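Residue-level structure breakdown
Below, each chain spelled out in residue letters.
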Amino acid sequence: MTLDQLPENKTGIIKQINDKNLAIQLLAMGFILGGEVKIERIAPLKDPILITSGTNYISIRKSDAKNIDINPDL
Amino acid sequence: MPTISSKNKPKNIVLIGNPNTGKSTLFNSLTGLNQKIGNFPGVTVDKKTGSFNYKGTKINVVDLPGTYSLAPNSEDERVAKNYIENTNKDDLIIVVVDATNLKRNLLLFSQIIDLDKQVLLVLNMMDLLQKNKQEINFDKLSKSLNCPIIPINAILNKGINQLKEAVYNYKENKNSFLINNSSKTIDETMLRINKINKIVDDVFTENGKNKSYLLTKKIDNIVTHKVYGYLIFFGILLFIFQAIFSWASYPMDLIDNGFSLLCDYVSTLLPEGIANDLIVNGILAGLGGIVIFVPQIAILFAFITILEDTGYMSRVSFLMDRILRQFGLNGKSVIPLLSSTACAIPAIMGARTIANYKERLITIMVAPLISCSARIPVYTILIALIVSEDESYGIFNLQGLLVMGLYLLGFVTALLSAWVMKLIIKSKEKSTFTLEMPVYRAPRWKNVGFEILSKVKVFLFDAGKIIIAISIILWVLSSYAPGNKFEEINEKYSNSSLDKSETNVLIASDKLEASYAGIIGKTIEPAIEPLGFDWKIGISLVTSFAAREVFVGTMATLYSVGDADNTLSIREKMMAATNHKTGEKIYTKATTFSLLIFYVFAMQCMATLAIVYRETNSIKWPVIQVVYMGALAYLSSLLVYSIFS
């Protein structure tokens, strides 16, 4: 499953990021492999989305979220 | 007792850290007013430098743009990386980190340590740490990282002296963080992060919920709401424009009156003659024309700084990204587009945070279409010619409505032009919108003050130089004529039967027409006649190319040549102006609207063009900008003039 498919207020664990530049950027912003990620809010026009990991809190476009493989928490 | 001695060699320190760590606040605390903003060689990212003295040693400080890591993603971050890599061996790097988010912030620290640099770690936001009931074991952290640590609170000015002392006493220290350097960046970064997490888990204790973070999410539920979010944003915009036009009018009236008193005083002080005329009608008239904008510019920059400082601007970017993307722009374009209402120059420089080249370029290309503060006086004076102050439409003041309409026109045209450029400019580069949502906090008033001060300074001195130079050139051009034309005019009226003051007015206007400025205006008159403009407007269009605000100064200089006693305001003089051919009033509805539209669209700012040239590193883009905006201005004015006349 990829991050863009996760519904609002749900969490998952980041497995892999399939875009090198995006990966380096996200790691430095506190979204690490094996770390938890939560969909905090989806923008009124369905894109972009706000995601959190711990107290790290960023916005990201769905096209980038598609490149993030996750294991959803049930 | 410390003594001031010259044998102490100056030290250099460099501030670096993640965005939103309070680095700029620390920089302001360290250097006070002893700072200046320059540019890094080759790029136009602000380079803030300053200095302070401690125990007789001068310490130079450089503040780098915020960056998350040494793997750069934008122009800003590239600058920080290159600067750090090229620092001297004995330069001290101060890594500023948010004490409440050590795990993320220490990645940058670890990368700098491994560049074999001298590093001092500063933990900022200690007040938030206490508020969030978090604790850090400093001694243990310092030992694990093998680096001195200074906890500070930059906003409350706490720990600043300890930091200065630590800089002063810094002993060289051999250090490294990660010995096993993997060849793959992602793997290496993960190794670093894992090591950092282990260290931090050992020294960091949490005794409750992180309150500021929870509050931030509550605020975001409202601020990014699908209805309230947009309502709040437009409400804030409305409030800002209201403030710019109503609050600023009081100090502006004061400045206006002050300048006319000063002009009167100076003209009585100096003996009549060329010097008096040059100073009063050339320099002071031009100077008054710029100082009067200071209140509006200060208010506008205050609001923009506050919106950014509180963290609200990131949310607006989030709300607007999807919409702006349709037009080839980015959510991050919101900040440049909004700051364009103040001035296109900082706006265009602000576009550097947009990582995608095409989106950044389009933002730069359309930003000058948004009405900037330099257009305010042009709009104000022209609108006053066609609508009186107390006319209203319903509850709205008609003048205010018209100004609002002109702003909207500029904004809509900017979006449409962006959309056209999106179709024309080709790019395969991926577009992203990865932006941190910082925790909300009260604006740091000191930062707001510094920001206003530095922006007003740039405006007064950089723009002021151009305006004064133009005022003087214009005065010379309008006070002299080729050959002995002026003598001929004097002779022509020497036997006039009219009384003396009427004769003087006729002499002055004939002289202006014969002067060099008159010749220039007459030369371009055929080209602008279809727009309803005469040769005097022609002169101001030429001088406005230096900067739009010159329009008012030019009008003042051109029309005061005929009014030796300085009794009438510029508005009254323009109202009374008549066409030299037909004798009809010049500022009719058609001409005034046409001129207004021309100023909405035309690219009349040399300083902006210079910035566009530097930012895009090519002469192509500023040239295209002049041509497309000029064509837009000419055609729209032509259309408007033919509709109204």
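Everything below is about the structure shown above.
Residues numbered from 1 in each chain as written. Chains lettered and ligands numbered in written order. Predicted model: local features only at pLDDT ≥ 70, side-chain atom pairs only at ≥ 80, totals over all residues. Heavy atoms only, no water.

**Focus: the pairing of strand β4 (residues 57-63) of chain B**
Residues and elements named next belong to chain B. Counted only if it meets this: Exposed residues in this analysis have more than 50% of their type's maximum accessible area, buried residues have under 20%, and partly exposed residues fall in between, with area computed by a 1.4 Å probe over protein chains only. To qualify as a helix, a DSSP run of H or I must reach at least 4 residues; to qualify as a strand, a run of E must reach at least 2; elements of each kind are numbered from the N terminus. Only strands joined by at least two bridges in the DSSP assignment are considered to pair.
Of all the 7 residues making up β4, 5 are buried; the element is thus mostly covered by neighbouring parts of the structure. Relative to β4, strand β1 (residues 11-17) is paired through 5 bridges, and the arrangement is parallel. Directly across from Asn-12, in β4, lies its bridge partner Asn-60.

**With respect to the interface of chain A and chain B**
By a widespread convention, an interface's size corresponds to the accessible area lost as its parts come together. Here is the rule we go by: Contact criterion: two residues are considered in contact whenever any of their non-hydrogen atoms come within 4.5 Å of each other. Accessible area that two parts lose when put together, evaluated with a 1.4 Å probe and summed over both, is termed the buried area. Pairs of N or O atoms are called polar contacts if they sit within 3.5 Å, as long as, within protein, a hydrogen donor faces a hydrogen acceptor (for residues adjacent in sequence, only side-chain-to-side-chain pairs). Here the nonpolar group is Ala, Val, Leu, Ile, Met, Phe, Trp, Tyr, Cys and Pro; Asp, Glu, Lys and Arg are the charged ones; every other residue, Gly included, is treated as polar.
Counting residues at the interface gives 35 residues for chain A and 42 residues for chain B. With both sides pooled, the region where chain A packs onto chain B buries about 3300 Å², and carbon together with sulfur makes up 59% of that total. Contact with chain B buries surface across chain A, with Arg41(A), Tyr57(A) and Arg61(A) losing the most and accounting together for 23% of the total. Linking chain A to chain B there are 14 residue pairs in polar contact (both at pLDDT 80 or more). Put simply, the parts of the chain that give the side of chain A that touches chain B at least two residues each are α1 (20-28), β2 (36-42), β3 (49-53) and β4 (56-60) of chain A. The greatest single-element share of the side of chain A that touches chain B, amounting to 9 residues, is contributed by α1(A). Split by residue class, the side of chain A that touches chain B holds 19 nonpolar, 9 polar and 7 charged. Here β4(A) pairs with strand β12 (residues 435-436) of chain B via 2 bridges, running antiparallel. Considered in β12(B), the bridge of Ser59(A) is made with Leu435(B).

**A short note on helix α17 (residues 375-386) of chain B**
All names here are of chain B. To be explicit about the condition: Given the number of residues in a helix, its expected span is that number minus one, multiplied by 1.5 Å.
Helix length check: α17, at 12 residues, gives a terminal C-alpha distance of 17 Å against a target of 16 Å (1.5 Å per residue), a fit within 8%. Among the 12 residues that make up α17, 11 are buried, leaving the element largely enclosed by the rest of the structure. Among the residues making up α17, those that are buried are Arg-375, Ile-376, Pro-377, Val-378, Tyr-379, Ile-381, Leu-382, Ile-383, Ala-384, Leu-385 and Ile-386.

**Observations concerning the packing of α17(B) against helix α26 (residues 589-601) of chain B**
When two helices pack together, their arrangement is given by the angle between the helix axes and the distance between those axes. Residue and element names in this part refer to chain B. Rule in force here: Under this scheme, a helix contributes an axis fitted over its contacting stretch, all axes are lines through C-alpha atoms, and angles between N-to-C directions fall in the 0 to 180 degree range. When an angle is under 35 degrees it counts as roughly parallel; over 145 it counts as roughly antiparallel; between 65 and 115 it counts as roughly perpendicular; any other value is oblique. Crossing handedness: left-handed means the near helix sits turned counterclockwise from the far one by under a right angle, and right-handed means the same turn made clockwise.
Where α17 contacts α26, the two axes come as close as 10 Å, and the packing angle between them is 165°. It follows from the interaxial angle that α17 and α26 lie roughly antiparallel. For the crossing formed where α17 meets α26, the hand is left-handed. Of the residues in α26, those in contact with Arg-375, Val-378, Tyr-379, Leu-382, Ile-383 and Ile-386 of α17 are Lys-589, Thr-592, Phe-593, Leu-595, Leu-596, Tyr-599 and Val-600.

**With respect to a nonpolar patch on the surface**
Residues and elements named next belong to chain B. To keep it simple, the criterion reads: Like-charged residues are merged into a patch within 9 Å and nonpolar side chains (Val, Leu, Ile, Met, Phe, Trp, Tyr) within 5 Å, provided each residue has over 30% relative accessible area and no salt bridge. For the area figures, the Shrake-Rupley method with a 1.4 Å probe applies, and any residue is considered shielded solely by the protein chains shown. Here a salt bridge means any side-chain nitrogen of Lys or Arg lying within 4 Å of a carboxyl oxygen belonging to Asp or Glu.
The grouping of Ile-274, Val-476, Tyr-480, Tyr-516 and Ile-519 at the surface amounts to a nonpolar patch, some 430 Å² of accessible area in total. Note that Val-476 resides in helix α19 (residues 445-479). Owing to a relative accessible area of 35%, Val-476 belongs among the partly exposed residues under this scheme.

**Concerning the pattern of salt bridges**
In the structure shown here, the tally under the stated rule is 21 salt bridges over all chains. In this structure, the salt-bridge partner of Arg61(A) is Glu359(B), at a minimum N-O distance of 3.9 Å. Here Arg61(A), found in the loop between β4 and α2 (62-65), pairs with Glu359(B), found in helix α16 (residues 357-366), and the two come from separate chains. By relative accessible area, Arg61(A) is classed as buried at 2%. For Arg325(B), the salt bridge identified is with Asp321(B), shortest N-O distance 2.9 Å. Of the two residues, Arg325(B) and Asp321(B) both sit in helix α13 (residues 312-326), 4 residues apart, roughly one turn of that helix. Relative accessible area serves as the criterion here: at 0%, Asp321(B) is assigned to the buried category.

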